[in-house]
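Each chain, letter by letter, is given below.
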Amino acid sequence: MGNKTLAIIKPDAVRKNVIGKIISMITKAGFKIKAMKYTRITKEQAAIFYEVHKERPFYGELLEYISSGPIIPIVLEKENAVNEFRKLIGDTDPLKAEEDTIRKLFGESKAINAIHGSDSDENAEIEIGFFFSKSELIFNQ
Ligand code: IDP
Ligand code: MG
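Residues numbered from 1 in each chain as written. Chains lettered and ligands numbered in written order. Predicted model: local features only at pLDDT ≥ 70, side-chain atom pairs only at ≥ 80, totals over all residues. Heavy atoms only, no water.

Draft legend 1. Quick peek at the environment of Glu127. Counting through the fold element by element, Glu127 comes out in helix α7 (residues 121-131). Residue classification places Glu127 among the buried positions, given a relative accessible area of 11%. Residues Glu127 and Ile8, spaced 119 residues apart in sequence, show a C-alpha to C-alpha distance of 10 Å. Sequence-distant contacts of Glu127, that is, excluding residues within four places in its chain, are made with Leu6, Phe49, His116 and Ser118. (Helix = DSSP H or I, 4+ residues; strand = E, 2+ residues; numbered from the N terminus. Buried < 20%, exposed > 50% of the residue type's maximum accessible area, 1.4 Å probe, protein only. Contact = heavy atoms within 4.5 Å.)

Draft legend 2. The packing of aromatic side chains, seen in detail. Summed over all chains, the structure comprises 5 aromatic pairs. With a centroid separation of 4.9 Å and an interplanar angle of 75°, the aromatic rings of Phe130 and Phe131 are classed as edge-to-face. Here Phe130 falls in the partly exposed class, since its relative accessible area comes to 30%. Under the relative-accessibility criterion, Phe131 is labelled buried at 9%. One aromatic cluster is present, formed by Phe49, Tyr50, Phe130 and Phe131 through successive ring pairs. The lysine or arginine in question, Lys78, covers the ring of Phe31, its NZ or CZ lying 4.9 Å from the ring centre. (Phe/Tyr/Trp six-rings, centres within 6.5 Å; stacked < 30°, edge-to-face > 60°. Lys NZ or Arg CZ within 6 Å of the ring centre and 35° of its normal.)

Draft legend 3. The arrangement of helix α4 (residues 59-66) in detail. Where α4 is concerned, the buried positions are Tyr59, Leu62, Leu63, Tyr65 and Ile66. Relative to the axis of α4, the buried residues are bounded by an arc of 165° and lie together on one face. On its buried face, α4 is in contact with α1 (11-15) and α3 (43-49). (Arc of directions from axis to C-beta.)

Draft legend 4. Spatial organisation of the sheet that holds strand β1 (residues 4-9). Here 4 strands make up an open sheet; going across it, the order is β2-β3-β1-β4 and the pairing antiparallel. Looking along the sheet, the strands with just one partner apiece sit at the ends: β2 (32-36) and β4 (115-117). Going across the sheet, the axis of each strand differs from the next one's by a mean of 25°, ignoring polarity. Across 6 bridges, the pairing between β1 and strand β3 (residues 72-77) is antiparallel. Opposite Ala7, over in β3, you have Ile74 as the bridge partner. The strands touched by helix α5 (residues 81-89) are β1, β3 and β4; relative to β4, the strand with the most contacts, the crossing angle is about 155°. (Pairing = 2+ DSSP bridges. Axes fitted to C-alpha atoms, helices over the stretch in contact; angles between N-to-C directions.)

As structure tokens, this is what we get:
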């Protein structure tokens, strides 16, 4: 099991001004923040990040949404990080997410669901590399 995952606080959560609440939940759950930035991506960059979903009917909507405003990518560290973080964020659909999960508390809909979490160690590594350069990933400090 790997010990890193990529979180992204998505544009709806940034707009709602709940960044602090979400980061607090993440650190209370025992994750360490190893890198973080306040940024945004273009639709073209989003198309690369979400390429695995290009055949899905919601792809266009997803690209519009994730490029609609600032986002906060965060590299997190914890034992079994990918699975532990997926538990903390809850189901893709906030209506189906368990109580006290980030998506249950802050998500609006299956599309507009407040936060991203990598779905495998392999994708975590790819996604971390998408947002952070090697020099930004000073994991030993
Ligand atoms: P995940 O974020 O829980 O891993 P995925 O199936 O990988 O869910 O989908 C990626 C993102 O695409 C979701 O977080 C959500 O923003 C959006 N999405 C997923 N399913 C739907 C849908 O049925 N309608 C609209 N948007 C969706
Ligand atoms: Mg996914």
